[in-house]
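# What the coordinates show
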Amino acid sequence: MGMKLNRKDCESFTLHDGPPYANGNIHIGHALNKVLKDIIVKYHYFDGKSVRYTPGWDCHGFPIAQKVEGKKKKKKKTLR
């Protein structure tokens, strides 16, 4: 907690990280994305800023919604 108190009055930087794996199966690009975001956060920290990293939010329903929308589109095509 001391590190945060030391930067209490400093300029702040916040990185809001989006939901993980929302666009399909995990691949090497996801790892690269996380590494680059970590570098950005550390850069701002070592630049003397008060840094906050806010990880992804719940989106478990998103892939299911995509499947439903895809099925609805297919059904709509067959009705024509």
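What comes next concerns the included structure. (Residues numbered from 1 in each chain as written. Predicted model: local features only at pLDDT ≥ 70, side-chain atom pairs only at ≥ 80, totals over all residues. Heavy atoms only, no water.)

### Thoughts on a nonpolar patch on the surface
A grouping of Leu32, Val35, Leu36 and Ile39 is seen on the molecular surface, where their side chains present a nonpolar patch of about 370 Å² in accessible area. Among the structural elements, leucine 32 can be located in helix H2 (residues 28–46). (Patch = residues over 30% accessible without salt bridge, like charges linked within 9 Å, V, L, I, M, F, W, Y side chains within 5 Å. Areas by Shrake-Rupley, 256 points an atom, 1.4 Å probe, with all protein chains shown as cover. Salt bridge = Lys/Arg side-chain N within 4 Å of Asp/Glu carboxyl O. Helix = DSSP H or I, 4+ residues; strand = E, 2+ residues; numbered from the N terminus.)

### Quick notes on the pattern of salt bridges
Applying the stated criterion across every chain yields a total of four salt bridges. For lysine 37, the salt bridge identified is with aspartate 17, shortest N-O distance 2.4 Å. Of the two residues, lysine 37 sits in helix H2 while aspartate 17 sits in the loop between strand E1 (12–16) and H2, which places them 20 residues apart along the sequence. In this structure, lysine 49 and aspartate 47 form a salt bridge, with 3.9 Å as the shortest nitrogen-oxygen distance. Taking relative accessible area as the criterion, aspartate 47 reaches 46% and is therefore assigned partly exposed. Each of Asp17, Lys34 and Lys37 takes part in a single network of salt bridges with overlapping partners. (Buried < 20%, exposed > 50% of the residue type's maximum accessible area, 1.4 Å probe, protein only.)

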